[in-house]
Amino acid sequence: MGQVAWKALFLSLFDYKTEKYVIAKNKKVGVLYRVVQLSILAYLVGWVFVVKKGYQDTDTSLQSSVITKLKGVAFTNTSELGERIWDVADYVIPPQGESVFFVMTNLIVTPNQRQATCPESANIPDALCDKDMDCLEGEAVVAGNGVKTGRCLKDKGSTRGTCEILAWCPVEKRSKPKKPLLGSAENFTVYIKNSIRFPKFKFSKMNVLATDNESYLKTCRYSQEHPYCPIFVLGNIVRWAGANFQEMASEGGVIGIQIEWNCDLDKAPSECNPHYSFSRLDNKSAENSISSGYNFRFAKYYRDAEGVDYRTLIKAYGIRFDVMVNGKAGKFNIIPTIINISSGLALMGAGAFFCDLVLLYLIKKSNFYRGKKYEEVKSSSRKSLSSPTLNGNQSPEQLSRL
Amino acid sequence: MGQVAWKALFLSLFDYKTEKYVIAKNKKVGVLYRVVQLSILAYLVGWVFVVKKGYQDTDTSLQSSVITKLKGVAFTNTSELGERIWDVADYVIPPQGESVFFVMTNLIVTPNQRQATCPESANIPDALCDKDMDCLEGEAVVAGNGVKTGRCLKDKGSTRGTCEILAWCPVEKRSKPKKPLLGSAENFTVYIKNSIRFPKFKFSKMNVLATDNESYLKTCRYSQEHPYCPIFVLGNIVRWAGANFQEMASEGGVIGIQIEWNCDLDKAPSECNPHYSFSRLDNKSAENSISSGYNFRFAKYYRDAEGVDYRTLIKAYGIRFDVMVNGKAGKFNIIPTIINISSGLALMGAGAFFCDLVLLYLIKKSNFYRGKKYEEVKSSSRKSLSSPTLNGNQSPEQLSRL
Amino acid sequence: MGQVAWKALFLSLFDYKTEKYVIAKNKKVGVLYRVVQLSILAYLVGWVFVVKKGYQDTDTSLQSSVITKLKGVAFTNTSELGERIWDVADYVIPPQGESVFFVMTNLIVTPNQRQATCPESANIPDALCDKDMDCLEGEAVVAGNGVKTGRCLKDKGSTRGTCEILAWCPVEKRSKPKKPLLGSAENFTVYIKNSIRFPKFKFSKMNVLATDNESYLKTCRYSQEHPYCPIFVLGNIVRWAGANFQEMASEGGVIGIQIEWNCDLDKAPSECNPHYSFSRLDNKSAENSISSGYNFRFAKYYRDAEGVDYRTLIKAYGIRFDVMVNGKAGKFNIIPTIINISSGLALMGAGAFFCDLVLLYLIKKSNFYRGKKYEEVKSSSRKSLSSPTLNGNQSPEQLSRL
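Quantities reported herein were computed from a predicted structural model and do not represent experimental measurements.

A. Highlighting the state of the cysteines. Scanning the model with the defined rule gives 15 disulfides over all chains in all. At a sulfur-sulfur separation of 1.9 Å, the disulfide partner of Cys135 of chain A is Cys163 of chain A. Residues Cys135 of chain A and Cys163 of chain A are joined by a disulfide whose S-S torsion is about -85 degrees; by sign, that bridge is left-handed. Of this pair, Cys135 of chain A sits in the loop between β9 (128–129) and β10 (147–154) while Cys163 of chain A sits in strand β11 (residues 161–169), placing them 28 residues apart in sequence. Across the pair, Cys163 of chain A and Cys135 of chain A agree in class, each one buried. Across a sulfur-sulfur distance of 1.9 Å, Cys129 of chain B and Cys152 of chain B are joined as a disulfide pair. Judged by the sign of its S-S torsion, about 90 degrees, the cystine formed by Cys129 of chain B and Cys152 of chain B is right-handed.

Dropping the structure here:
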């Protein structure tokens, strides 16, 4: 190519090319197209942008730290333990005040257990025996408390007995108070301190309002009137989760305390507030005892004057509270905005395509419009060079347009 | 339709339809359009693809396991406890070395508490009394340590006293050493072992470099010079979090150790390394005592020769460290690539639309170009069939084009 | 503008504008375009919609609550401890049954430690000494157990000794049983109760099937035949994680139990089931002792008749199990559907652009088609008003079309 041609090429780079449109003076299709356009616009603005905040980049992986602190004392008077006061150090396990904490509300105490031999609990099928040979020496009792010594212990006159075992003796007796020992735990309060951080946006906040005065924080209780008070009454939490406190206190259970942070960081930080909700996490409805309730065993170890270890075994029933924090923060970002706008524009194209179909195939004069929209060119027909072939009757060929 | 028509339809399926363009030899709009195109291209390539890695599928839900291990001993000499050594088993709670661990740095010890009656602490407003009737029997002291017995205990000669309570007696005295008992915890070290896994990409890694020799791991300390050493000096962590160790050790507090894994899995696995950052999680700045600091109570239970339980109550102040792991892994994936490219293409369409507006309404000869771009067809005007109506003066009708 | 003009403008709003197309009767490009269209359609339907479920909105931030409960007893007979039974309260740390639990399988017991002075362990380099001056009084032994008193203790006749320290004495002797003490922990079982919730879709489920009868849940063991049984044998878990139980029990280690919920909420809730997988989290392969295995120290505190504290220090080796729950739920949502469809449509545009390039530059008659597609207009050439300039020879100018 010569220099002139190159120059022409370069100049033509800055010619503006614009699509050629055919104006179909058909009001029906015109109105239809406007309606489609408006619908798409309404969807884009109303749903995608206003409701779903499609112009925001979101961060759902928040970092969270939870500190919990319980307050309350309970008084019990049982034949076994006598008059006794239970305070925080007694009933909160573990004591550290993390996001998962357990309040002991009922317990089976088996005091003074020592390593010795004793009969296994008669409730365990594997421990029942008729003769010594049923108790294979050294074999662990299935779902039991110890290892068989090889002897079958029977009460006088009875034919059935239980195997003797080597275990922490005496073994736990399997019955717990029907009425929860620490039923008054209903009035205990828990102070939940939650600080969160959205790493993507470098935004931090606490659930304890900075502006509150100290006395408010000491006396307030969370409720619908005080949605930002971080102190909760245990009984209320359980009730809001749809459970019965006394029943749960007796059998044990798990309550989830969900803290949800749904923050629009395009607004002021003060509008980013926690929302609390409560739910029961263990399936109470299930009939099968194996999956309902919540309990665990732990022991306090002592040593007597002779240096021999003994322990108090405690089977603790109670309510475990799991503080679960989740959140979502959104902030304006150009990329999702552009993706959503351009998906809207592409939708406009789909709308135009749909109206085209109506114009070209469904209305009376569609043949005429097809001829106008499509300009047929054949390289062989020299005469079509000077004036485009425009005819209103080419239906089969046009039907195939996708 | 006859067979011929069907054949024609089938053949026309493979006719190629291409949009008809009008070349407007207007250099201003042409240049504008090229500038818009280049801007969009630059945005797409530079921002979306290079900076934001829009061609990658990302996984932010990582699985993480943290093992922590503290080392260090502290010596204290107080009138109460005498000369005493504190080692890991004494000051780390809980001992298991999980991702949340607490280092006890200050404590109020109340030894030899027994279940008995004693006067409530005079600091608790609800326990103050003038006469026995102020102490309702069986009522728990609000924010106190026990249940009132119904007696008001007064010092000789004074008119005000405190209610007698049934509690673990004697009750805790409310004062803690100003100077933290275990201030030397500043030199303790913690070894943090973190292994992560991105389930979507089946990618696992540890923060302990596999190639390091043993002696390096035993002697190194994390710092800017050793960014991949997993052993941290507690004092440094606190300092990097912007806090004062001795002050925090006295009042307690929570420090977050963030481990961030930002992995580009299109690169070598060795380039996927943790980044540590440190921040204080409890709001130290707050004036209100209820929300600053960190402490909890726990007890050690003993049994005397007569089989009566007594305990040592410990109110522990200290620093809780929360190791929080979060991460993001990205790997090339065709779907986000295509979404981003096609959103860019749709943007080009928006750019063309914008240039169209300029061409058709803002330049001098816009009337002329409008006439060229839009070809008006009316099914009633038979004569327009042979040659399209092209006139350069139809402004009001064209203004309405969206 | 007059009233007439405004009316015309308003009416023209409802004119329908449609792009003008040129039909190129070129079968090669036509077939190419259809192939491109079909490919895009296949990709969109097959990959984006069927495989990747691009029509769904997904939620990956699930809330999860885990309850674990161990069962099993072990019998040991060592010279140190005598015949002894280990039950759940002895070997599970912490006892609460949270998502992270530790099963003690090997231990070094150092009984009757008291605050006193004694020689430091000879294995610690910093404690070795020749003379008293090597033991700086008040200095803590690096990686040791106490604070130097300033004396160097030597055995009779030897020239090297170890510093005397103030510590919990006697210090721990550094050797553990080669054979794990509680090797029979291999047969212990753990019952894992996991309840999850996808907050975005308000969908909750448990891993314990509601329909199962009680006896099944008491006797089943998780395996490939029983993929929904929530009771796991520890030995199996370790084996599935690719590790050797006895070896791990001796040195300690961490096993991850991943529970994955991959739920298609467009289907029935009963099709949303957990999938379990197991992996070893500490890097066993590493040669360096500092980063392999898992152990920690804790103490049981006692008080003798004189009121002096003493303790039993236990260095516990064992297997920590981390139950990690992650999940993804998808549900039909119009927004991702539209984004994916419109990105597909935009791709169609890219396909058309590609075919245009072929038509206009790569085939024989491309010059002719270029002339047809692009209609050149110049505002200066008055005569072009009546009939568009259509010539088949304008190559350099058209080459520049992007």
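B. Representation of the nonpolar core in the model. Grouped together as the largest cluster of nonpolar side chains are 81 residues, with contacts concentrated most on Leu359 and Tyr369 of chain A, Leu359 and Tyr369 of chain B together with Leu359 and Tyr369 of chain C. Filtering out sequence-adjacent residues up to four positions away, Leu359 of chain C remains in contact with Tyr16 and Thr18 of chain B together with Ala24, Asn26, Val29, Ser366 and Tyr369 of chain C.

C. Structural view of the sheet that holds strand β19 (residues 374–377) of chain C. Strand order in the open sheet formed by 3 strands is β1(A)-β2(B)-β19(C), with mixed pairing between adjacent strands. Of all strands in the sheet, those with a lone pairing partner are β1 (16–19) of chain A together with β19 of chain C, marking the two edges. The mean angle between the axes of side-by-side strands here comes to 30 degrees, regardless of whether they run parallel or antiparallel. Of the strand pairs in this sheet, β1 of chain A and strand β2 (residues 21–24) of chain B are connected by 4 bridges, and their pairing is antiparallel. Bridge assignment links Thr18 of chain A to a residue of β2 of chain B, and that residue is Val22 of chain B. Contacts between helix α7 (residues 334–362) of chain B and the sheet are confined to β1 of chain A together with β2 of chain B, with β1 of chain A contributing the most and set at about 100 degrees to the helix. Contacts from helix α8 (residues 366–373) of chain C reach β2 of chain B together with β19 of chain C within the one sheet, and its direction differs from that of β19 of chain C by about 60 degrees.

D. Highlighting the pattern of salt bridges. All names here are of chain C. In total, this model carries 51 salt bridges over all chains according to the counting rule given. In this structure, Lys373 engages Asp356 in a salt bridge whose closest nitrogen and oxygen atoms are separated by 3.0 Å. Of this pair, Lys373 sits in helix α8 while Asp356 sits in helix α7 (residues 334–362), placing them 17 residues apart in sequence. In terms of burial, Lys373 and Asp356 fall into one category: buried.

E. A look at the UniProt feature "binding site: ATP" (unreviewed entry) in chain A. UniProt records the feature "binding site: ATP" (unreviewed entry) for Lys69, Leu70, Lys71, Thr189, Asn295, Phe296, Arg297 and Lys315 of chain A in the present numbering. Taken together, the annotated residues stretch across 247 residues and extend over separate regions, lying up to 24.7 Å apart by C-alpha. Inspection of the secondary structure assignment puts Thr189 of chain A in strand β12 (residues 189–198). Setting aside chain neighbours within four positions, we find Thr189 of chain A in contact with Lys69, Leu70, Lys71, Arg221, Ile231, Phe232 and Val233 of chain A. By secondary structure assignment, the location of Arg297 of chain A is in strand β17 (residues 295–303). When sequence neighbours within four positions are dropped, the list of residues in contact with Arg297 of chain A reads Glu172, Leu313, Ile314 and Lys315 of chain A together with Ala89 and Pro95 of chain C.

F. Geometry of the interface of chain C and chain B. With 91 residues of chain C at the interface, the matching set in chain B holds 73 residues. The interface formed by chain C and chain B holds 4 salt bridges in total. For Lys25 of chain C, the salt bridge is made with Asp15 of chain B, and the minimal N-O distance between the two is 3.0 Å. It is α7 of chain C that contributes the most residues to the side of chain C that touches chain B, 10 residues altogether. Residues that form the side of chain C that touches chain B fall into these classes: 46 nonpolar, 24 polar and 21 charged. Sheet analysis places β2 of chain B next to β19 of chain C, joined by 4 bridges and oriented parallel. Along β19 of chain C, the bridge assignment pairs Ala24 of chain B with Val377 of chain C.

Conventions used here
- Residues numbered from 1 in each chain as written.
- Chains lettered and ligands numbered in written order.
- Predicted model: local features only at pLDDT ≥ 70, side-chain atom pairs only at ≥ 80, totals over all residues.
- Heavy atoms only, no water.
- Disulfide = S-S within 2.5 Å.
- Helix = DSSP H or I, 4+ residues; strand = E, 2+ residues; numbered from the N terminus.
- Buried < 20%, exposed > 50% of the residue type's maximum accessible area, 1.4 Å probe, protein only.
- Core = buried A, V, L, I, M, F, W, Y, C linked by side-chain atoms within 4.5 Å.
- Contact = heavy atoms within 4.5 Å.
- Pairing = 2+ DSSP bridges.
- Axes fitted to C-alpha atoms, helices over the stretch in contact; angles between N-to-C directions.
- Salt bridge = Lys/Arg side-chain N within 4 Å of Asp/Glu carboxyl O.
- UniProt positions renumbered as here; feature names shortened; annotations may be inferred.
- Nonpolar A, V, L, I, M, F, W, Y, C, P; charged D, E, K, R; others polar.

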